[in-house]
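Each chain, letter by letter, is given below.
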Amino acid sequence: MDRTEIFNKVTDIASDVLGIDIDQITEETTFDDLDADSLDRLQLVTAFEDEFDIEMDEERLLAIASVADAIDAIEATQQGA
């Protein structure tokens, strides 16, 4: 799956979980920009793991601050890095 496909799925999930317009989300968007609290972030990560059939380690989870970070983490996890 390429980065664009991952981005599209991540933005769909973020839009659903956070109840925001998908057009507000870019790779540079941070979850703080979207007013995501810790529970929202947990729901996002759980949805990412379910959608992409992956499991992220704690270090990787703590590093996710933006949409780009989420995409990077998903790519790295899919590649086994």
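Source: prediction; values computed, not measured.

> Teacher, can you tell me more about the packing of helix 1 (residues 3-18) against helix 4 (residues 67-78) here?
A pair of packed helices can be characterised by two numbers: the angle between their axes and the separation between those axes. Running from N to C, helix 1 and helix 4 point in directions that differ by 120°, and their axes come no closer than 10 Å. Between helix 1 and helix 4, the angle falls in the class oblique. Pair helix 1 / helix 4 crosses with right-handed handedness. For the pair helix 1 and helix 4, the contacting residues are R3, I6, F7 and V10 in the first and V67, A68, I71, D72, I74, E75 and Q78 in the second. Each residue belonging to the contact of helix 1 with helix 4 can be placed in one class, and the counts come to seven nonpolar, one polar and three charged.

> How do you make sense of the packing of helix 1 against helix 2 (residues 38-52) when you look at a structure like this?
Between helix 1 and helix 2, the least distance of the axes is 10 Å, while the angle of their chain directions is 140°. Between helix 1 and helix 2, the angle falls in the class oblique. Read as a crossing pair, helix 1 and helix 2 show a hand that is right-handed. Each of I6, K9, V10, I13, A14, V17 and L18 in helix 1 lies in contact with helix 2, whose residues at this interface are D40, Q43, L44, A47, F48, E51 and F52. Tallied by class, residues from the contact of helix 1 with helix 2 come to ten nonpolar, one polar and three charged.

About the criteria used
- Sequence order as written defines residue numbering, which begins from 1 separately in each chain.
- The model is predicted, so local features are restricted to residues of pLDDT at least 70 and side-chain atom pairs to those at 80 or more, both for listing and for counting; the totals for chains, interfaces and linings are taken over all residues.
- With hydrogens and water excluded, all non-hydrogen atoms of the structure serve as input to the side-chain values.
- Under this scheme, a helix contributes an axis fitted over its contacting stretch, all axes are lines through C-alpha atoms, and angles between N-to-C directions fall in the 0 to 180 degree range.
- Helix and strand definitions here come from DSSP, where helices need a minimum of 4 consecutive H or I residues and strands a minimum of 2 consecutive E residues; each element is numbered from the N-terminal end.
- To sort the angles, those under 35 degrees are grouped as roughly parallel, those over 145 as roughly antiparallel, those from 65 to 115 as roughly perpendicular, and the leftovers as oblique.
- A clockwise turn of the near helix away from the far one marks a right-handed crossing, whereas an anticlockwise turn of less than a right angle marks a left-handed crossing.
- Contacts were defined at the residue level, with two residues in contact if any of their heavy atoms lie within 4.5 Å.
- Three classes are used: nonpolar for Ala, Val, Leu, Ile, Met, Phe, Trp, Tyr, Cys and Pro, charged for Asp, Glu, Lys and Arg, and polar for all others, with Gly counted as polar.

So far we have only geometry, and geometry alone does not tell us how the molecule works.
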